[in-house]
Amino acid sequence: MMWSLVYILLLLLIATARTQGFRDKIADKKAKIRAIRLEKLVKSVEAENKIPAFFKPTAGSPAHRPQGPVVFSVAMDKKMLPSCAKGFTGTLRNTGYKGDIVLATSPGSEMGFLKFLEKTSCITYEVDTVSAKKDFEVPHAQFGYSVNVLRLFMYKWWVSMYDKDAVILLSDFRDVLFQSNPFAFRPHAGLPTNNQLVIFHENFPLKMIYRCRTNRQWLQTCYGDTAVGELEQNLVSCSGTVFGGRDAVLAYAHMMVEQLDPAVRWRNHPLVNTSEFLYKVQKQCKHAGIDQGFHNYLLHSKTLEQWVDVKEMLQGEGMVNTIGAFFGTKAVVQKNLTEWGILKGKPPLQTFHNWDGQLSPVVHQFDRFQQNHFQGKYWEFIKVISDQYL
């Protein structure tokens, strides 16, 4: 009897090992196919990705350092104040980060704001929102796309200025702050490889697509009811922060721009070749924030993973801690940031933390709590912002 059990266990171990080996072979084959696809896509994009002659850094900006690392962001709002720059570039530089910071700004931006960007060694590009829609050759620009769409074109151009080994962070500007160097987070895990893209989810269970009317609407208006039905059981991933290797980021930006074309989004629809249908569906897909609809569609439809190695990070588990879902009366669980254990310490030394208690390198959407928690005075509460005023 004893030997029979040993024999059965041995057979089970052998079967398990063979199954795992088979799975590993499949995974390796998929990775090789994905790498070939990415290489072809990057070559195609680079052949067409000509940087317009007018798209140049402002006078006095530092030169791009192609080896990276680099952070891309867009601050195209004339209302940006020095405090906005202190929250983003100030906190980033205070972490010891010495890589490139590349920003787009608006003509007529407040001088104090621009001076602080200069002080923190930013590479700036002055871009007019209105003329950009024509100069960037944005498809269907008559529908009035927001800065969030325009930045996708700039991402493509900026990425092409960097080497294959460069690591890139795409980031929102106004609602992001830094508490430690994002490129030094968990060094044992290493930085993303050239073909890897890291995306960051919002909170579970607070931010499922089907629970969020806004995110659901972005999917519905751009992709239709069928897509919503197939994808709404997934978590919302925020398009405001994306991290990855150079080629993966280039592929991501390219695929995001492609989604502006209704013929791409609706390629399987029987009426896709009729101009009336394309105009109708494109007219619906014009809300500010549609880039997040594109982002979640590409992610959850498994489109992205056909070209890049996608790594998904849950809220509070990775380099970026996106906390906006905890705000508002519609949250499934009603607790403040302190009760959740996300915000720790006493003013003006408060810090944001991941679920394991570790300091969150990048904090996203902290501005949602400006009035109810921080009373409109971040510098009196948050340590890294308070440090900017010492």
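Preceding block: the structure.
A brief structural summary. (Residues numbered from 1 in each chain as written. Predicted model: local features only at pLDDT ≥ 70, side-chain atom pairs only at ≥ 80, totals over all residues. Heavy atoms only, no water.)

**So, the overall build of the protein**
The secondary structure content of the protein amounts to 13 helices and 12 strands. Overall size of the protein, expressed as C-alpha extent along the three principal axes, is 85 × 60 × 45 Å. Across the 390 residues of the protein, 51% fall into the buried class. Accessible surface computed for the protein: about 19200 Å², of which carbon and sulfur atoms make up 55%. Across the protein, the centroid of the 46 positively charged side chains sits 2 Å from that of the 35 negatively charged ones. (Helix = DSSP H or I, 4+ residues; strand = E, 2+ residues; numbered from the N terminus. Buried < 20%, exposed > 50% of the residue type's maximum accessible area, 1.4 Å probe, protein only. Areas by Shrake-Rupley, 256 points an atom, 1.4 Å probe, with all protein chains shown as cover. Lys, Arg positive; Asp, Glu negative; His and termini not counted. Charge placed at Lys NZ, Arg CZ, Asp CG, Glu CD.)

**Regarding the packing of aromatic side chains**
Applying the stated criterion across every chain yields a total of 24 aromatic pairs. Aromatic side chains Phe55 and Tyr125 sit 4.6 Å apart centroid to centroid with 25° between the ring planes, which places their arrangement in the stacked category. Residue Phe55 is found in the loop between helix H1 (2–48) and strand S1 (70–75), and its partner Tyr125 is found in strand S3 (residues 123–126); the two are separated by 70 residues along the sequence. Here Phe55 matches Tyr125 in class, with each residue buried. Centre to centre, the rings of Phe88 and Phe178 are 5.2 Å apart; their planes meet at 80°, and the pair counts as edge-to-face. Here Phe88 is found in helix H2 (residues 82–94), whereas its partner Phe178 is found in strand S5 (residues 176–178), with 90 residues between them in sequence. Taking the relative accessible area as the measure of exposure, Phe178 reaches 0% and is therefore buried. Feature note: the residues Phe55, Phe72, Tyr125, Tyr155, Trp157, Trp158 and Tyr162 constitute an aromatic cluster, connected by ring pairs. (Phe/Tyr/Trp six-rings, centres within 6.5 Å; stacked < 30°, edge-to-face > 60°.)

**Quick word on unusual backbone geometry**
Going from Gly68 to Pro69, the amide bond is cis rather than trans, its omega being 0°. Within the secondary structure, Pro69 is located in the loop between H1 and S1. In the segment running from Phe204 into Pro205, the intervening peptide bond is cis, with an omega of 10°. Take Pro205: it is sitting in the loop between strand S6 (196–201) and helix H6 (213–223). The phi dihedral of Ser121 is positive, around 55°, even though this residue is not glycine. Structurally, Ser121 is set in the loop between helix H3 (111–119) and S3. Phi is positive for Lys302, close to 70°, though the residue is something other than glycine. By the element assignment, Lys302 lies in the loop between helix H11 (290–300) and strand S8 (309–313). Taking relative accessible area as the criterion, Lys302 reaches 42% and is therefore assigned partly exposed.

**A few points about the pairing of strand S2 (residues 100–105)**
Regular strands place their side chains on alternate faces of the sheet. Across the six residues of S2, six count as buried, placing the element largely inside the fold. Two strands pair when backbone bridges link them, and S1 and S2 are joined in this way by six bridges, in the parallel orientation. The residue of S2 that forms the bridge with Ser73 is Leu103. With H2 bridging S1 and the parallel S2, this β-α-β connection has right-handed handedness. In this sheet, S3 lies alongside S2 in parallel orientation, the contact comprising four bridges. Following the sheet pairing, Ala104 is matched in S3 by Tyr125. The parallel pair S2 and S3 is bridged by H3, and the resulting crossover is right-handed. (Pairing = 2+ DSSP bridges. Right-handed = clockwise from strand over helix to strand, strands pointing away.)

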